[in-house]
Amino acid sequence: DRDPIGTVETLRRLDAAALSGFYQRWYRPEHTMVVVVGDLPAELLERRVVEAFSSWRAVGPAPARAARRFPDAARAFEVLTRREANVPTIIEACRSRPADALLPDDVASLRRRTASVIWRRVLESRIARAGLAPDSPILSADVDQSDYSREAASSCISVIAADDRWREALELSVAELRRLAAHGPTDQEFENALEEMRSAYRGAVGATATRDSVTLAQAVIEGELNGAVTPSPREAFRAYDSAVEDLTPDEIKAAIARDWAGYGPMVSVIGPN
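We now turn to the structure provided with this report. (Residues numbered from 1 in each chain as written. Predicted model: local features only at pLDDT ≥ 70, side-chain atom pairs only at ≥ 80, totals over all residues. Heavy atoms only, no water.)

### Quick word on empty space enclosed by the protein
Now for step 1: Taken as a whole, this structure holds 1 cavity of 30 Å³ or more when the rule is applied.
Now for step 2: By volume, the largest cavity is sized at about 30 Å³.
Now for step 3: Forming the boundary of the largest cavity are Ile91, Ala93, Ile157, Val159, Ala169, Leu170 and Ser173.
Now for step 4: Sorting the residues of the lining of the largest cavity by element identifies strand S2 (89–98), strand S4 (152–161) and helix H5 (166–183) as the ones contributing at least two each.
Now for step 5: For the lining of the largest cavity, the leading source of residues is H5, giving 3 residues.
Now for step 6: Residue composition of the lining of the largest cavity, by class: 6 nonpolar, 1 polar and no charged. (1 Å grid on protein atoms, 1.4 Å probe; cavity = no way out; pocket = protein on both sides within 12 Å on 5 of 7 lines; lining within 4 Å. Points joined across faces, edges and corners; volume = space filled by probe spheres on them. Helix = DSSP H or I, 4+ residues; strand = E, 2+ residues; numbered from the N terminus. Nonpolar A, V, L, I, M, F, W, Y, C, P; charged D, E, K, R; others polar.)

This is the structure in structure tokens:
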């Protein structure tokens, strides 16, 4: 119904007491995670954390979290259009579904996630190649997936159209999606996508010693909040090779069917006309 930041009325009523009350309700020890990265012995780092935080006590009763609300699975095709005189024509088509249950972060989950990444990369590459053709209606394209929400997961195709030719750009992109969903990637596309990802893992191994402590601590926090393991780059590379060892193009087709599902599509068109 609205952005979660609040209504105009609640923002106007905000004062120091309300802000302090919000902090005391929600910023509590049981809601807190501390990650320390450094070269000192773990025992010393642990002692410093205990000394810094052990006196912290929650104030008042624990608040009740809002219940999860999932997308309406019956929601059908909808379109949003907006006129913006000074922007390029941008088309986005998305499908959303209730979020998957949180699975263990193991090799099987990595295999599943990799299959999703591969179809998005292959589709993005195909649309990009179509954009190189003379008089193509496409300037650029992006295929993305969001599955970090507790409530919903979504897959989106975003295209910037040439000369406001949004309909042609959308039709071409959807045609490529349907072709990929029906026939899967070619062997060459499949191998190229696998090797692109392998190169990224290999690069991360080479950059292991250059990671700064703040970035590493943030990565650990984000992983813990999402139920994910934070492996060393070398271990992540080993797990990837294990996950894709016998991955097949048919699994990529299955990933498309799984990811491009749910309600919609929801289409937005933003452009000068």
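Now that the structure has been shown, we can carry on.
### Examining the state of the cysteines
Now for step 1: Applying the stated criterion across every chain yields a total of 1 disulfide.
Now for step 2: Between cysteine 94 and cysteine 156 runs a disulfide, and the two sulfur atoms are separated by 2.1 Å. The S-S bond linking cysteine 94 to cysteine 156 shows a torsion near 115 degrees; that makes this disulfide right-handed. One end of the pair, cysteine 94, is in strand S2; the other, cysteine 156, is in strand S4, and 62 residues separate them in sequence. The same class applies to cysteine 94 and to cysteine 156, which are both buried. (Disulfide = S-S within 2.5 Å. Buried < 20%, exposed > 50% of the residue type's maximum accessible area, 1.4 Å probe, protein only.)

### Some details on the pattern of salt bridges
Now for step 1: Applying the stated criterion to the full structure yields 18 salt bridges.
Now for step 2: A salt bridge links arginine 165 to aspartate 135; the shortest N-O distance between them is 3.2 Å. Here aspartate 135 lies in the loop between helix H4 (107–131) and strand S3 (138–146) and arginine 165 lies in the loop between S4 and H5, a separation of 30 residues in the sequence.
Now for step 3: For arginine 165, a relative accessible area of 16% puts it in the buried group.
Now for step 4: Aspartate 135 gets classed as exposed once you look at its relative accessible area, which sits at 63%.
Now for step 5: The residue arginine 198 makes a salt bridge to glutamate 195 at a minimum N-O spacing of 3.2 Å. Within this pair, arginine 198 and its partner glutamate 195 are both found in helix H6 (residues 187–206), separated by 3 residues, close to a single helical turn. (Salt bridge = Lys/Arg side-chain N within 4 Å of Asp/Glu carboxyl O.)

### Here we look at the sheet that holds strand S5 (residues 263–271)
Now for step 1: Strand order in the open sheet formed by 5 strands is S1-S5-S2-S4-S3, and the pairing between neighbours is mixed. Pairing within the sheet leaves two strands with one partner each, and these edge strands are strand S1 (78–83) and S3. If you compare each strand with its neighbour and ignore which way they point, the axes differ by 10 degrees on average.
Now for step 2: Inspection of the sheet shows S3 paired to S4 by 8 bridges, in the antiparallel sense. Within S4, the residue paired with glutamine 145 across the bridge is serine 155.
Now for step 3: Lying over the sheet, H5 contacts S2, S3, S4 and S5, oriented at roughly 130 degrees with respect to S4. (Pairing = 2+ DSSP bridges. Axes fitted to C-alpha atoms, helices over the stretch in contact; angles between N-to-C directions. Contact = heavy atoms within 4.5 Å.)

### Considering the environment of alanine 204
Now for step 1: Tracing the backbone shows alanine 204 in helix H6.
Now for step 2: Judged by relative accessible area, alanine 204 falls into the partly exposed class, the value being 34%.
Now for step 3: For alanine 204 and leucine 139, which are 65 residues apart along the polypeptide, the C-alpha to C-alpha distance reads 31 Å.

### Here's the deal with the packing of H6 against helix H8 (residues 233–243)
Now for step 1: H8 packs onto H6 with a crossing angle of 160 degrees between their chain directions and a minimal axis gap of 8 Å. What the angle tells us is that H6 and H8 run roughly antiparallel. Of the two possible hands of crossing, H6 and H8 adopt the one that is left-handed. Contact residues: H6 offers Leu194, Met197, Arg198, Tyr201, Arg202, Ala204 and Val205, while H8 offers Pro233, Arg234, Ala236, Phe237, Tyr240 and Asp241.
Now for step 2: A per-class count over the contact of H6 with H8 returns 9 nonpolar, no polar and 4 charged. (Parallel < 35°, antiparallel > 145°, perpendicular 65-115°, else oblique. Left-handed = near helix turned anticlockwise from the far one by under 90°.)

By themselves, these are just geometric observations and shouldn't be taken as functional.
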